[in-house]
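Inside the fold
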Amino acid sequence: MPSESAAMPSSIHDAAAVEAMRKRLGLDPHRLRRLRTRLLKLQGSDEEALQELPAAARDAFAAEIRFHELTLDQRFDSQLDGASKLLFRTDDGLLLESVILRVATGRTALCVSSQVGCAANCDFCATGKMGIARSLSAPQILDQVVQANQLLKPEGRKVRNIVFMGMGEPFHNTAAVHETLEKLVSPHGFDQSPRRTLVSTVGLPSAMIAFARKFPKVNLALSLHSAIQSRRTEIIPLAAKFDLKELRAALDQVAAVQQQSIMIEYLMLRGINDGPEDRAALADYLRGLPVHINLIPYNRVDAAPHLEGTSKEDREAFGAALRGEGYTVTIRYSLGADVDAACGQLVRRENRRIAAAAAAQ
Ligand code: SF4
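If you check an unreviewed UniProt entry, the protein chain appears there as Radical SAM core domain-containing protein from Blastopirellula marina DSM 3645. Taken from UniProt, the Sequence similarities (unreviewed entry) comment for the protein chain reads in full: "Belongs to the radical SAM superfamily. RlmN family." Taken verbatim from the UniProt record of the protein chain, the Cofactor (unreviewed entry) comment is "[4Fe-4S] cluster".

Here's the deal with the packing of helix α1 (residues 15-25) against helix α4 (residues 55-64)
Interhelical geometry of α1 versus α4 gives an angle of 150 degrees and a closest axis separation of 11 Å. Judged on the interaxial angle alone, α4 and α1 are roughly antiparallel. Viewed along their axes, α1 and α4 form a crossing whose handedness is right-handed. Where α1 abuts α4, its residues M21, R24 and L25 lie against A57, A60, F61 and E64. Among the residues forming the contact of α1 with α4, the class breakdown is five nonpolar, no polar and two charged.

Quick word on the site of the ligand
Around the ligand lies a shell of 12 residues, among which C118, C122, C125, G128 and G168 are the nearest. Taken together, the residues that form the shell around the ligand break down as seven nonpolar, five polar and no charged.

Quick look at the nonpolar core
Core analysis: the biggest nonpolar cluster contains 94 residues, and F61, F164, L181, L224, L286, I293 and L322 have the highest contact counts within it. Taken domain by domain, this core gets at least three of its residues from each of domain 1 (10-66) and domain 2 (71-354). Look past the residues within four positions of I293 in its chain and what remains in contact with it is I264, L286, L322, Y327, T328, V329 and T330. In this structure, V99, L101, A109 and V163 belong to the second largest nonpolar core, which totals eight residues.

So, the side chain of S200
By the element assignment, S200 lies in strand β10 (residues 197-201). With a relative accessible area of 10%, S200 lands in the buried category. Excluding its chain neighbours within four sequence positions, the residues that come into contact with S200 are F164, M165, E169, P170, A221 and S223.

A few points about the environment of E69
As for its position among the elements, E69 is in the loop between β2 (65-66) and β3 (71-77). For E69, a relative accessible area of 9% corresponds to the buried category. Remark: the alpha-carbon pair of E69 and G319, spanning 250 residues in sequence, is separated by 42 Å. Within the local environment of E69, its side chain forms a polar contact with the side chain of S11, the two groups lying 3.3 Å apart. There is a polar contact of 2.8 Å between the side chain of E69 and the side chain of R66.

Calculation notes
Within each chain, residues carry numbers counting from 1 in the order of the written sequence. Residue-level local features of this predicted model are given only where pLDDT is at least 70; pairs of side-chain atoms are given and counted only at 80 or more, and the full residue set underlies all totals for whole chains, interfaces and linings. With hydrogens and water stripped out, all remaining heavy atoms of the structure feed into the side-chain values. UniProt positions are given in the numbering used here, feature names are shortened, and annotations may be inferred rather than shown by experiment. Geometry is summarised by axes, namely lines fitted to C-alpha atoms with helices restricted to the contacting stretch, and by angles between N-to-C directions that run from 0 to 180 degrees. A run of H or I in DSSP counts as a helix once it spans at least four residues, and a run of E counts as a strand once it spans at least two, with each numbered from the N terminus. Under this scheme an angle from 65 to 115 degrees is roughly perpendicular, one under 35 degrees roughly parallel, and one over 145 degrees roughly antiparallel; angles in between are oblique. Handedness of a helix crossing follows the sense of rotation of the near helix relative to the far helix, less than a right angle counterclockwise being left-handed and clockwise being right-handed. Should any heavy atoms of two residues lie within 4.5 Å, those residues are considered in contact. All amino acids are sorted into three groups, where Ala, Val, Leu, Ile, Met, Phe, Trp, Tyr, Cys and Pro are nonpolar, Asp, Glu, Lys and Arg are charged, and the leftover types, Gly among them, are polar. Whether a residue is near a molecule or strand depends on its heavy atoms: it is near if one of them lies within 4 Å of it. Joining through side-chain atoms within 4.5 Å is the link that ties buried Ala, Val, Leu, Ile, Met, Phe, Trp, Tyr and Cys residues into a set, and such a set is a nonpolar core. Burial classes: relative accessible area under 20% of the type maximum marks a residue as buried, over 50% as exposed, and values in between as partly exposed (1.4 Å probe, protein chains only). Note that domain bounds follow an automatic or database assignment of domains. Pairing of N or O atoms within 3.5 Å defines a polar contact, subject to two protein rules: one partner must be a possible hydrogen donor and the other a possible acceptor, and residues neighboring in sequence count only if both atoms are side-chain atoms.

Listed below in structure tokens is the structure:
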């Protein structure tokens with residue numbers, strides 16, 4: 001319900017509130033469409049977007065409709081490659097991260113967070129070590145895209161690919177993630193290509209099937225990390241709830257609905273999931289599915305000193321063997337190693353810094 005009081009401005013992503021405001025101000029719908037286009041599609045600044053309204057309405061509109069849900073707290077630009085880590089703060093002081101990835105091809109990707117913290121508790125992940133703090137709202141997820149695009153505009157770049165691979169398990173925040181996706185791909189919203197949008201999950205079978213039915217063209221990635229149940233559960237404690245057979249049945253259904261490749265994310269951890277039996281189990285598990293396997297190097301996190309990444313040579317040999325079995329495999333390299341680009345690392349570091357500063361006072 002749109003608020004009639006001026007106490008709390010409504011979000012620009014709240015269509016009902018914006019429409020109520022438009023009627024109250026007697027604005028031409030066309031002017032409002034132009035404002036939204038300027039802000040959401042053309043990377044316009046807030047001031048540029050407001051210029052689309054008649055001068056007399058701008059102050060009233062800006063007082064009741066807010067363009068942003070998050071405050072950019074800090075920005076870290078990698079000196080090694082094209083990654084920028086954006087550290088955002090919510091109104092109630094929680095920190096979350098998005099990462100801009102400037103890929104060598106000239107394309108730009110944005111990795112967004114769907115939660116602050118995460119309940120999946122993956123052994124290798126700094127966010128998982130934080131536990132779950134809170135799910136983000138759709139406007140908070142969308143604002144990561146708006147602000148990244150505003151930052152990129154002076155570089156002549158635009159977010160092309162959006163990946164839900166930041167903090168959080170998207171299917172632990174399904175309603176907000178679905179709302180976000182609807183607004184991203186809507187021609188009246190961001191007009192983002194669904195094919196350039198990807199949601200990554202640790203594998204919640206029923207949520208994966210529901211997602212595929214609702215968004216048949218949006219890509220799905222599964223963080224598999226092992227096709228051996230006991231090892232997978234060690235790496236992803238949440239996986240104990242979903243056995244691999246159930247997950248495979250869900251993958252079959254997703255593939256049948258989506259008719260496109262499913263990304264399989266496989267973080268390569270030395271001595272844990274990179275042996276010949278791991279490769280054989282992986283090849284067996286995926287047989288018959290349209291998949292694209294991504295072998296991911298591991299960025300060491302402070303929270304998991306016991307884990308080490310597989311060497312480049314061993315990653316390549318693992319990938320070559322899978323290719324020999326007929327799979328499409330990409331051996332990824334890591335962007336942003338010097339800006340703590342692995343999800344949650346920067347937030348943990350900043351939280352420690354804030355806590356240390358508070359303790360020193
Ligand atoms: S890797 Fe993803 S799912 Fe696992 S704990 Fe981290 S944020 Fe959650």
